[in-house]
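As a plain string of letters, each chain reads:
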Amino acid sequence: MNLIIDIGNTCVKLVCFNEGKVVEEQRTDKDDVAALQSFCSRYPFSRGICSSVSDISEEYSAALSSLPFSMMEFKSGVTRVPIINKYSTPLTLGSDRLAAVVGANWLQPGRDVLVIDIGTCVTFDFINSSGEYLGGNISPGPTMRLKALNHFTARLPLVERRGDTPDFGTDTTTAIRSGVMNGIKYEIEGYIHSFLAKYPQLFVYLTGGVHLNLQFSENLSIFADDFIVPKGLNRILEYNNEHK
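Quantities reported herein were computed from a predicted structural model and do not represent experimental measurements. (Residues numbered from 1 in each chain as written. Predicted model: local features only at pLDDT ≥ 70, side-chain atom pairs only at ≥ 80, totals over all residues. Heavy atoms only, no water.)

(A) Just the pattern of salt bridges, in detail. Scanning all chains against the criterion turns up 8 salt bridges. For Glu24, the salt bridge is made with Arg42, and the minimal N-O distance between the two is 2.9 Å. Placement of the pair is Glu24 in strand β3 (residues 21-28) and Arg42 in the loop between α1 (33-41) and β4 (47-52), with a sequence separation of 18 residues. A residue is classified by how much of its surface remains accessible, and Glu24, at 23% relative accessible area, is partly exposed. Between Arg145 and Glu187 there is a salt bridge whose closest N-O contact spans 2.9 Å. With Arg145 in helix α4 (residues 142-151) and Glu187 in helix α5 (residues 172-198), this residue pair connects regions lying 42 residues apart in the sequence. Summarising the burial analysis for this pair, Arg145 and Glu187 share the class buried. (Salt bridge = Lys/Arg side-chain N within 4 Å of Asp/Glu carboxyl O. Helix = DSSP H or I, 4+ residues; strand = E, 2+ residues; numbered from the N terminus. Buried < 20%, exposed > 50% of the residue type's maximum accessible area, 1.4 Å probe, protein only.)

(B) Structural context of the state of the cysteines. For the structure shown, the criterion picks out 0 disulfides. Of the cysteine sulfurs around Cys11, a residue in no disulfide, the closest is that of Cys50, at 13 Å. Here Cys40 is not disulfide-linked; the sulfur of Cys16 is the nearest cysteine sulfur, at 9.5 Å. (Disulfide = S-S within 2.5 Å.)

(C) The arrangement of the layout of surface pockets in detail. Space inside the largest pocket adds up to approximately 990 Å³. Around the largest pocket sit 40 residues that line it, and Asn9, Thr10, Gly119, Thr120 and Cys121 are the ones nearest its centre. Broken down by secondary-structure element, the contributors of at least two residues to the lining of the largest pocket are α3 (95-107), β7 (113-118), β8 (121-127) and α4. Ranked by residue count, the leading element in the lining of the largest pocket is α4, at 5 residues. Taken together, the residues that form the lining of the largest pocket break down as 17 nonpolar, 12 polar and 11 charged. (1 Å grid on protein atoms, 1.4 Å probe; cavity = no way out; pocket = protein on both sides within 12 Å on 5 of 7 lines; lining within 4 Å. Points joined across faces, edges and corners; volume = space filled by probe spheres on them. Nonpolar A, V, L, I, M, F, W, Y, C, P; charged D, E, K, R; others polar.)

(D) Structural context of the packing of aromatic side chains. This structure, assessed with the given rule, holds 11 aromatic pairs. With centroids separated by 6.4 Å and ring planes inclined at 25 degrees, the aromatic side chains of Phe195 and Tyr199 adopt a geometry described as stacked. By relative accessible area, which is 24% here, Tyr199 ends up partly exposed. For the pair Phe203 and Tyr205, a centre-to-centre distance of 4.9 Å together with 55 degrees between the ring planes defines the contact as tilted. You'll find Phe203 and Tyr205 in the same group, each marked buried. (Phe/Tyr/Trp six-rings, centres within 6.5 Å; stacked < 30°, edge-to-face > 60°.)

(E) Main features of the nonpolar core. Counting 25 residues, the largest nonpolar core has Phe74, Ile83 and Val115 as the members making the most contacts within it. Elements represented by at least two residues in this core include exactly β2 (12-18), α3, β7, β10 (203-207) and α6 (228-242). The element contributing the most residues to this core is α3, with 6 residues. Discounting chain neighbours no more than four positions away, the residues touching Ile83 are Leu98, Val101, Val102, Asn105, Ile127, Gly131 and Tyr133. The next biggest cluster of nonpolar side chains, apart from the first, holds 21 residues, and it includes Ile118, Met181, Ile184 and Leu202. (Core = buried A, V, L, I, M, F, W, Y, C linked by side-chain atoms within 4.5 Å. Contact = heavy atoms within 4.5 Å.)

Function-wise, these values are silent; they only describe arrangement.
Structure, rendered in structure tokens:
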């Protein structure tokens, strides 16, 4: 069994894999050592991999080092990956973004795939049918946009992203929420339409903690997968174990 640890900006995802399949996922607060130890005690892990896009405490780092099986630290531009990475600054590429396209390529080999991750940020990452990661874009996520409207104005309130999102806001709260959430929706739909024009057989993965009601008239292969990053990390772990 493999332990996959995906440390994001807001939480930690602990995922147990067995023979390439997800057995269990647990989301914990960052630096929650007790949750890590409890999760590890439930399964006979033989190896693991950790990816982080944010800093972790010395205590959590020590807990990772003390686990009774080997843990790999995944670093973009350093750790070997089973795809061709054409990002011009691979050391600055977010490990979650790289893991996502590895996962997409593993699940859809020989396909042009766009991975859209909607979380703290909205990221768009593309890997072509030849297994070449060509790059991607980063945009502010919904919470970041809502906080920015409150912070950089004198009178706009801080609005929760969950709630009514009519076509036209009927008060300041719905105007802000609809502007942000519908804006992200139209942004994503625009990216997909643009990529479809260049790659007619495009396959799209949606992942992340925010789910939107996207509408497309084309016969488009689009699939939601909340485990695309952990699946990519698991593939990277297995790949490095195979090529020691």
